[in-house]
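Notes for the structure review
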Amino acid sequence: MDKFSFKDVLILFAGLFLTGIFGWLILSITGHVPSEIAKLFFEGAFIGTRNLTNTLNAATPLILTAVATVVSFRVGMFNIGVNGSMYIGALYAAWAGYRFTTLSHFTHVSVCILIAIITGALWMLLPALLKVYAGVSEIITTIMLNFVAILFVSYMCNGPFRASPIAPSTPRILETAELKQYFPNSQFHTGFFIAVFVSILFYFILNKTTFGYELRSGGDGLVGFYPSRYSTYLGIPSDRSAIIGMLISGGLGGLAGAVEVLGSVRNFYQELFFNQGFDGILIAIIGKLEPIGGMISALFYGAMKNGGLYVDYKTDVSREIVVILISILIFFVSAQKIVKGLEKFEFVKRLDKLFSRKVR
Amino acid sequence: MAKNTNKTLAVEMKGITKQYPGVVANDDVDFSVYTGEIHALVGENGAGKSTLMKILYGIETLDDGQIYIDEKKEDINKVDIAINLGIGMVHQAFHLVPSFTAAENIGLGEEPKSKNGLIDWEDLNNQVSSISEKYGLKVDPKIRMIDASVGIQQRTEILKTLYRNANILILDEPTAVLTPQETDELFQVIRSLVDEGKTVIFITHKLREVMEIADRVTVMRAGKIQGVSLVKDTSPSELAKQMVGREVFLQVKKTKSKPKDKVLEVKDLWVHDSRGLLAVKGVNLDVAKGEIVGIAGVEGNGQSELVEALAGLRDTSSGEILFSGTNIEEFSPRKRRRAGIAHIPEDRTNTGLNLRLDIWENLIGTSYWRSPLSRGGIVNMKRIIEHSHNLKDNYDIRAPGVGVRLQSLSGGNQQKVVVARELSEEPILTIASQPTRGVDIGNIEAIHKQIVDIRDQGNAVLLVSAELDEVMAVADRVGVMYEGEFVAWVNPKDVDQSQMGLYMAGIKD
């Protein structure tokens, strides 16, 4: 896979343009006025503090799950279980959020996040160990653990962590555990900055540290190819890299769950639904398995999601049509060969040179 | 042999020009092959041989020039067209489905259909058997490719082209992956193909093979034709000069070795192979500082397992491996490397390199962890790039820059990346397994010189090679392995090739 570059940002918008053409057709056929819907879509995604911050808020967990996917894929482990870790992290963040009552704000939030990271990581320990020591495909174990996670959190908020006799839910987290929300009518919260920080941090770790080099030396570009003979041969302990990579991935999944609970939802209830772990895989791939690429793709994806919701809320266009349009969009932005067409334009070449940090 | 009396041209390429960004791969190349001849196309890595053949086979499109097949102008811009014109190509890396049988691979896309529209497997198997008998290409149609040796896989590839009625066969470095026996068998096959009226284009950089099998030879260098000659009118040194553009010393220049204290001692070592069979049977071996110990032998006689055991990539069953007096059997590969052992592995694509990483990332594989390339776990990119450029220049790695995906380099340049990384560490002991496999003649000379240099600096080298010439030229002392044991230890100066041949066949004095 090539590196994430300016071209890839262009692909996102080229995809949007092509989707626009299809959307025009679909909306015309279903008896809507496409230009109005397009305007609303754009407005919902970007215009005004409330819409813009909602977009950023939608992107927050996606950035984290995308980075989680990036880390595991780049050590050569095919982790499909970030969603499971997210549920686990969310549950334990909620638990820590109401359970510890005497902590200061900063300490309380830190403790909640730390517990979510640890539990999310531990959730991935079993598949990592099974892969390394017994050769069990991590694809199978992590997919299965997603189901286990849902059932487990459902049991916990029905049983041990249940607060309300009416609904299966944990108590609301204490105010000291809340991530601050900045705007009225918007759930945008500190979690966004955490997510941006994490993706920059992992850009640094993967590219600028010896630890990152060891992590990716065996796996890079070889998703699902752990264990690589190359890293064993160099004397890089690839077993250790594989386990650490999975734990980091799970930990970031847990963190994604934590920011959702501490920032947006503020308690954990049985019907709480996450699929950002799966979207994260898609976003990570669109972002060329790079943390910064993942962040940019997540922001884009968040905007599309939020624009779609806005159209759904403001018009009588059915939710299904919005989902179809977003699916078409994903289809187009995954079509890497669109780049080939774009490269014909001289300004694209020049911009790409400017923005890509290639080693000569 | 040469049936050049009628002199019809099977292939004629005129003024072929092909540019890649930054490189002219073919520069106004004229190339022609007579019907029924074996034509060798030689040149260094990156000389443009493969590009020229890919143009002929329709994989690459030409920027300028014309192609005539059987003296008719053709526009070959797709592989299908080339196949319909009777051109077949066997690539250096095979294109086979591992889980399919030989016949399934051969028939893929051109399966014979029975009346009810289903694939007629019996017919396919019969066709494959009959073609394989006709040309002496022994392949069991029902063998699965995962279970087949490299030689069988290659024959399957050749059968694939014959099944599609190829009359002009392009073989891209076919002997690079073969043992000497398999090479002999391949040559017999090539001769029987020509006897049946086929034309063979044979890409190689092994001059001995050119002299042995080809009728005519075309030499390329830097995208241009350097000369076309009849093999009987030329000599290896003349060809080498044309290829490299200067005099090449086919002999390795070195002084007498001055062995000092023993650095590696192997005592009664037993190792199993991946199938659980005994591959190394009670081997004793020692290597001293200041000497190059060679291991000769037909591939598959335990050399690979011995090397892997020494490098820490394979468990031993019993015996001792002492490095500078310390038993290193329990040492991890990393610990062995840090003790001063370097290893050039025989398999560069999966073991020695990660082709999906950039050149610089592969070059720092053994040195990234210490100053000046990194400090406190943070890498110093400026130093790394400097270091990589130094290695690139010193080891003549031909690439537009060090930030290039390794995959895009030719096999020989990839090998130079491995050699550069390993030898630049100034190891006390270098275990070099097939260090010049796939490397062209000018660079073989350079790698041999580097190996002799590290010996002269007082370090030890263990050289394992399937190329008998290489072991005899470079090593100071040679052991011959046969079925997991050393059958003889010789001084290469005191023994001739035929005696070595007997040892390699397991015949002791």
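**Considering the pairing of strand β21 (residues 477-482) of chain B**
All names here are of chain B.
- Alignment of strand β13 (residues 292-296) against β21, held across four bridges, turns out to be parallel. What sits directly across from G294, in β21, is V478.
- The pairing of β21 with strand β22 (residues 485-490) spans five bridges and is classified as antiparallel. In the sheet register, Y482 faces β22, and the bridge partner there is E485.
- Between β21 and β22, which pair antiparallel in sequence order, lie two residues; one of them, E483, sits at a positive phi of approximately 45°.

**Structural notes on unusual backbone geometry**
- Cis rather than trans, the peptide bond between B:S371 and B:P372 has omega equal to 5°.
- As for its placement among the helices and strands, B:P372 is situated in the loop between α12 (359-363) and β17 (374-375).
- Phi at A:N185 takes a positive value of approximately 65°, unusual for a residue other than glycine.
- Residue class for A:N185 comes out exposed when judged on the 10 C-beta atoms lying within 10 Å of it.

**What to know about helix α9 (residues 303-311) of chain B**
Residues and elements named next belong to chain B.
- For α9, a buried count of nine out of nine residues is recorded, marking the element as mostly surrounded by other parts of the structure.
- Turning to α9, its buried residues number three or more, namely Q303, S304, E305, L306, V307, E308, A309, L310 and A311.
- At the exit of α9 stands G312, carrying a positive phi of roughly 90°.

**Observations concerning the domain arrangement of chain A**
Residues and elements named next belong to chain A.
- As assigned here, chain A comprises domain 1 (1-29 + 317-360) and domain 2 (33-303).
- Domain 1 puts 16 residues into the contact, and the matching count from domain 2 is 14 residues.
- The set of elements that each furnish at least two residues to the side of domain 1 that touches domain 2 consists of α1 (6-29) and α14 (319-333).
- Ranked by the residues each element gives to the side of domain 1 that touches domain 2, the list is headed by α1, at eight residues.
- For the side of domain 1 that touches domain 2, the class distribution of residues is nine nonpolar, four polar and three charged.

Thresholds applied
- Residue numbers run consecutively from 1 along every chain, following the written order of its sequence.
- Going through the entries in the order they are written, you letter the chains from A and number the ligands from 1.
- Thresholds applied to this predicted model are a pLDDT of at least 70 for local features of residues and 80 or more for the giving and counting of side-chain atom pairs; totals over whole chains, interfaces and linings are not thresholded and use all residues.
- Any two strands with at least two DSSP-identified bridges between them are counted as paired.
- Secondary structure elements are defined from DSSP: runs of H or I of at least 4 residues count as helices, runs of E of at least 2 residues count as strands, and each element is numbered from the N terminus.
- Neighbour density around each residue's C-beta defines its exposure: 20 or more other C-beta atoms within 10 Å make it buried, 12 or fewer make it exposed, and counts between make it partly exposed, where C-beta atoms are placed from the backbone.
- Each domain's extent was defined by an automatic or database domain assignment.
- Placing a C-beta atom from the backbone of each residue, one calls two residues in contact when those atoms lie within 7 Å.
- Three classes are used, and their members are as follows: Ala, Val, Leu, Ile, Met, Phe, Trp, Tyr, Cys and Pro are nonpolar, Asp, Glu, Lys and Arg are charged, and the others, Gly among them, are polar.

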